[in-house]
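The primary structure of each chain is shown beneath.
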Amino acid sequence: MPHPYVLLSAAVSLDGYLDDTGPERLLLSGPADFDRVDAVRASVDAILVGAGTIRADNPRLLVNSPERRAARVAAGKPEYPLKVTVSGSGDLDPTAKFWHTGGEKIVYTTDKGAERARALGLAADIAPLGAELDWRQLLTHLHDVRGVRRLMVEGGGQIHTQLLRQGLADELQLVLAPLFVGDSKAPRLFGPGPYQGGRLRLVETRAVGDVVLMRYEPTAPGVGVAASAADHHWLRLACELAERCPPSATAFSVGAVVVAADGTELARGYSRETDSVEHAEEAALGKVEPGDPRLASATVYSSLEPCARRASRPVPCARLILEAGVRRVVTAWREPDTFVAGADGSGVLAAGGAEVVVLGEYEGRAKGPNRHLLG
Ligand SMILES: NC(=O)c1ccc[n+]([C@@H]2O[C@H](COP(=O)([O-])OP(=O)(O)OC[C@H]3O[C@@H](n4cnc5c(N)ncnc54)[C@H](OP(=O)(O)O)[C@@H]3O)[C@@H](O)[C@H]2O)c1
Ligand SMILES: [Zn+2]
């Protein structure tokens, strides 16, 4: 299920609020940051906001710069990104600016919401997704049907919270504004409740006028959760196995171990162990009898995130793992864009019901035998 690259964008006050409780939208950013946001908008195929943001802020969500719009057109893209909103109720104001500015629009909603939205005669496509709205289904639809490869999500809090919790955000661009809201009834960026994973990876900080932009990469679903001492032991072994791979200029060196729930090692392998295109997980799983009942509760330890796509064989390792019946994977780092753009083995595994744990402290070790590929 391919998804677009999902970029969450938001501004918060120093005390962590998205807005105040007044009727007007609170301006958190300054002119320099609005211009930065305009450039990000110009770079995406679609912009999504929740119905709550349309009701509260009545935004237009345009690319304001004529030069940026002209550059989009020159590149063969529509002048404006597709505008996307999400509403369970279908209770949308047909006079909102969202519908009457910019290019194409689409509303993702429930079957019930669609009845209501259609009755309003909105100038937009209405896409019902069943009794309830499923984010993976929505993202797949945007990708496959609307051709969206890069999606910017501009809030509000409910939307950001769900995408982050479900491990569907690839990047968070957060702007911290130098002011306080000081009202506990104001909306927060991320709501209370459980969050998967531990620390996000900080990839950039930059002052933009008087606000600070922070760019984070949420790591794979399940980062840092439920890792035991045994997980560390086996992942270390997988990293050691990666050192044994015959060197290659066109493929990663990876080690993998399959371990039963009781701690019994079922198999181990490494890249190119028996042939020139073999992957580590494939080498290891190939040594376990198919249908071995221990696979259902086993863990695959792989020094690199299992692949989601590969040129060398039809079935990528994330699928091989799911097909073997394994539902837990522990890895040291996520696949970079070296050979495949936007590889998301963790997404494939998570969509197949597997838990993926990333123990980032082994990333350096796992990268060791791949230095020559990483630039
Ligand atoms: N500072 C910033 O960067 C920024 C950016 C954007 C927004 N904001 C602020 O955020 C506030 C609005 O945020 P919000 O959290 O109230 O609203 P929101 O996240 O924009 O939208 C929530 C609405 O989206 C729909 N929705 C969300 N998840 C859904 C699901 N899983 N299935 C079906 N429908 C779903 C529902 O619409 P229905 O009710 O129609 O079912 C829900 O009420 C405003 O105060 C705005 O100013 C700030
Ligand atoms: Zn692979």
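Notes on the structure in this doc start here.

About the thresholds
- Residues numbered from 1 in each chain as written.
- Chains lettered and ligands numbered in written order.
- Predicted model: local features only at pLDDT ≥ 70, side-chain atom pairs only at ≥ 80, totals over all residues.
- Heavy atoms only, no water.
- Helix = DSSP H or I, 4+ residues; strand = E, 2+ residues; numbered from the N terminus.
- Contact = heavy atoms within 4.5 Å.
- Areas by Shrake-Rupley, 256 points an atom, 1.4 Å probe, with all protein chains shown as cover.
- Pairing = 2+ DSSP bridges.
- Axes fitted to C-alpha atoms, helices over the stretch in contact; angles between N-to-C directions.
- Donors = N, O, S within 2.8 Å, 3.2 Å for Na, K, Ca; no water.
- Buried < 20%, exposed > 50% of the residue type's maximum accessible area, 1.4 Å probe, protein only.
- Near = heavy atom within 4 Å.
- Polar contact = N/O pair within 3.5 Å; in protein donor to acceptor, adjacent residues only side chain to side chain.
- Right-handed = clockwise from strand over helix to strand, strands pointing away.
- Phe/Tyr/Trp six-rings, centres within 6.5 Å; stacked < 30°, edge-to-face > 60°.
- Lys NZ or Arg CZ within 6 Å of the ring centre and 35° of its normal.

Re the overall build of the protein
Point 1. When helices and strands are tallied, the protein shows 12 helices and 14 strands.
Point 2. Dimensions of the protein along its principal axes, counting C-alpha atoms only, are 65 × 45 × 45 Å.
Point 3. Excluding contacts between residues fewer than 6 apart, the proportion of contacts in the protein whose partners are at least 24 apart in sequence is 71%.
Point 4. Surface accessibility of the protein: about 17,000 Å² in total, with carbon and sulfur atoms responsible for 52%.

Concerning the sheet that holds strand β4 (residues 105-109)
As a general point, the strands of a sheet are linked pairwise by backbone hydrogen bonds and lie either parallel or antiparallel.
Point 1. Taken in spatial order, the 9 strands line up as β5-β4-β3-β2-β6-β1-β7-β9-β8 in an open sheet, and their pairing is mixed. At either margin of the open sheet sits one strand with a lone partner, and together these are β5 (125-128) and β8 (201-208). Strand after strand, the sheet turns through a mean of 20 degrees between neighbouring axes, direction not considered.
Point 2. When strand β1 (residues 5-13) meets strand β6 (residues 150-153), the two strands line up parallel, connected through 4 bridges. Bridge pairing links Tyr5 to Arg150 in β6.
Point 3. Against the sheet, helix α7 (residues 157-165) contacts β1, β2 (46-50), β3 (82-87) and β6, and its axis sits at roughly 130 degrees relative to β1.

Side note on the coordination of the zinc ion (ligand 2)
Point 1. Protein-derived ligands of the zinc ion (ligand 2) are His279 (ND1), Cys307 (SG) and Cys317 (SG), with the metal-ligand distances lying across 1.9 to 2.3 Å.
Point 2. Every donor residue of the zinc ion (ligand 2) comes from the same chain, spaced as H-x27-C-x9-C. Of the two residues, His279 sits in the loop between β11 (265-270) and α9 (280-285) while Cys307 sits in the loop between β12 (299-302) and α10 (317-323), which places them 28 residues apart along the sequence.
Point 3. Taking relative accessible area as the criterion, His279 reaches 21% and is therefore assigned partly exposed.

Considering the site of ligand 1
Point 1. Taken together, 26 residues sit near ligand 1, with Asp19, Thr53, Arg55, Ser87 and Ser89 positioned nearest.
Point 2. Thr53 is positioned with one of its side-chain polar atoms (N or O) 2.6 Å from an oxygen atom of ligand 1.
Point 3. For ligand 1, an oxygen atom lies 2.7 Å from a polar atom in the side chain of Ser89.
Point 4. The protein chains hide 80% of the 930 Å² of surface that ligand 1 would expose on its own.

Looking at the pairing of strand β14 (residues 355-358)
Point 1. Across 4 bridges, strand β13 (residues 328-331) lies against β14 in parallel orientation. Among the inter-strand pairings, Thr331 is bridged to a residue of β14, identified as Val358.
Point 2. Taking the sense of rotation as the criterion, the β-α-β connection linking β13, helix α11 (residues 345-351) and β14 turns out right-handed.

Some remarks on the packing of aromatic side chains
The description of two aromatic rings rests on the distance between their centres and on the angle between their planes.
Point 1. One pass over the structure, following the stated rule, counts 3 aromatic pairs.
Point 2. Seen in terms of ring centroids, Phe252 and Trp333 are 5.9 Å apart; in terms of plane orientation they differ by 80 degrees. Their pairing is edge-to-face. Taken as a pair, Phe252 in the loop between α8 (229-242) and β10 (255-259) and Trp333 in the loop between β13 and α11 lie far apart in primary sequence, 81 residues in all. The exposure classification of Phe252 matches that of Trp333, with both residues buried.
Point 3. Overall, the relative accessible area of 9% leaves Phe252 in the buried class.
Point 4. Members of the aromatic cluster, each reached through a chain of ring pairs, are Phe252, Trp333 and Phe339.
Point 5. Looking at Arg188, its charged tip hangs above the ring of Tyr17, at a distance of 4.5 Å from the centre.

Describing the environment of Leu202
Point 1. Here Leu202 is to be found in strand β8.
Point 2. Taking C-alpha positions, Leu202 is 19 Å from Gly342, a pair spaced 140 residues apart along the chain.

Details of the side chain of His160
Point 1. Mapped onto the fold, His160 is located in helix α7.
Point 2. Within the local environment of His160, its side chain forms a polar contact with the backbone oxygen of Ser9, the two atoms lying 3.1 Å apart.
Point 3. The contact partners of His160, leaving out residues within four places of it in the chain, are Leu8, Ser9, Ala10, Val153, Glu154, Gly155, Leu189 and Phe190.

Section: unusual backbone geometry
Point 1. With an omega dihedral of 0 degrees, the bond running from Gly155 to Gly156 counts as a cis peptide bond.
Point 2. Positionally, Gly156 belongs in the loop between β6 and α7.
Point 3. Despite not being glycine, Arg272 shows a phi value in the positive range, around 60 degrees.

Brief notes about the sheet that holds β11
Point 1. Pairing within the open sheet is mixed, and its 5 strands lie in the order β11-β10-β12-β13-β14. Edge positions in the sheet fall to β11 and β14, since each has one partner strand and no second. Each strand of the sheet is rotated relative to its neighbour by a mean of 15 degrees, with strand direction disregarded.
Point 2. Strands β10, β11, β12 and β13 of the sheet are contacted by α8, whose axis makes an angle of about 145 degrees with β10.

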